[in-house]
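Okay, here's what each chain looks like letter by letter:
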Amino acid sequence: QMAVHLDLNDAETGFGILTNAPTFEWQVETIKHYHWKLERGNPAIAIPGGFYPDDRFLRLHILRSAIEERRQPTTSRQAVTLAISVLNSVAVPPGSPPAVDSGFDHTKWQWVRDHKNRRVYYRACNSPSFQMIDLKKLSLTAGGEVTSLGTEVEADDTWYRDVTSNVAPKPKAEFVMV
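First, a word on what this report is: a plain description of the structure on this page. (Residues numbered from 1 in each chain as written. Predicted model: local features only at pLDDT ≥ 70, side-chain atom pairs only at ≥ 80, totals over all residues. Heavy atoms only, no water.)

## Quick notes on the pairing of strand E3 (residues 131–134)
Strand direction decides the pairing type here: strand E2 (residues 119–124) and E3, joined by four bridges, are antiparallel. The residue bridging Arg119 from the neighbouring strand is Asp134, located in E3. The hairpin formed by E2 and E3 contains six residues between the paired strands. (Pairing = 2+ DSSP bridges. Helix = DSSP H or I, 4+ residues; strand = E, 2+ residues; numbered from the N terminus.)

## Concerning the pattern of salt bridges
Taken as a whole and judged by the stated rule, the model has five salt bridges. Between Arg64 and Glu68 there is a salt bridge whose closest N-O contact spans 3.1 Å. One end of the pair is Arg64 and the other is Glu68, both in helix H2 (residues 53–70) and four residues apart, which spans about a single turn. Its relative accessible area of 23% is what places Arg64 among the partly exposed residues. A relative accessible area of 42% places Glu68 in the partly exposed class. As a salt-bridge pair, Arg119 and Asp134 come within 4.0 Å of each other at their nearest N and O atoms. Note that Arg119 is positioned in strand E2 and Asp134 in strand E3, a separation of 15 residues in sequence. Assessed through its relative accessible area of 29%, Arg119 is described here as partly exposed. On the accessibility criterion, Asp134 (10% relative accessible area) is buried. Here the residues in one salt-bridge network are Arg119, Asp134 and Lys136, joined through shared partners. (Salt bridge = Lys/Arg side-chain N within 4 Å of Asp/Glu carboxyl O. Buried < 20%, exposed > 50% of the residue type's maximum accessible area, 1.4 Å probe, protein only.)

## What about the packing of helix H1 (residues 24–39) against H2?
Relative to each other, H1 and H2 sit at 50°, their axes nearing to 10 Å. In terms of orientation, H1 lies oblique with respect to H2. Once H1 is placed against H2, the crossing between them reads as right-handed. Packed against H1, whose contacting residues are Trp26, Gln27, Thr30, Ile31, Tyr34 and His35, the element H2 presents Pro53, Asp54, Phe57, Leu58, His61 and Ile62 at the interface. Per-class residue counts for the contact of H1 with H2 are seven nonpolar, four polar and one charged. (Axes fitted to C-alpha atoms, helices over the stretch in contact; angles between N-to-C directions. Parallel < 35°, antiparallel > 145°, perpendicular 65-115°, else oblique. Left-handed = near helix turned anticlockwise from the far one by under 90°. Contact = heavy atoms within 4.5 Å. Nonpolar A, V, L, I, M, F, W, Y, C, P; charged D, E, K, R; others polar.)

## Considerations on the environment of Val90
Structurally, Val90 is set in helix H3 (residues 76–90). With relative accessibility at 11%, the residue Val90 sits in the buried group. It is 9.6 Å that separates the C-alpha atoms of Val90 and Tyr52, two residues lying 38 residues apart in sequence. With residues near it in sequence (within four places) discarded, Val90 still touches Arg56, Arg59, Leu60 and Thr107.

Structure representation (structure tokens):
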């Protein structure tokens, strides 16, 4: 059964993280248990590395909290880059065990919203490159025309940036023995 939960991102009712399973309440209790362990003074708590949703939820919370506490971005580019780094840590590649739904239990898309600049960055599982939608350039008025965008990268679309022409020789470094 699909359920939508109010996540106030207040460390009590939620943490600003979406989940599909197990239940949202389970995920919140897992994070509270993690913080309980930290309060006991044991800094050697392992970061979960599995592909199960509860492992990914906790890993996302730990990494996001570390950024909030130690590495606040100063530019939009830094913020988006950090968000992508965290997303990379919880993405499930196609074919990853165990596939509970006949091989389709993997990350289909990754999305990052830049609230300040009103941009959305996304990538589909069939492309390592992010695409950008500038929401300021779209007509998003109430009652306006409904539009859509396919998120899969088409086979003939460029899904990489060729930087071959940027490869150039560098002068050899001189080493001085001291």
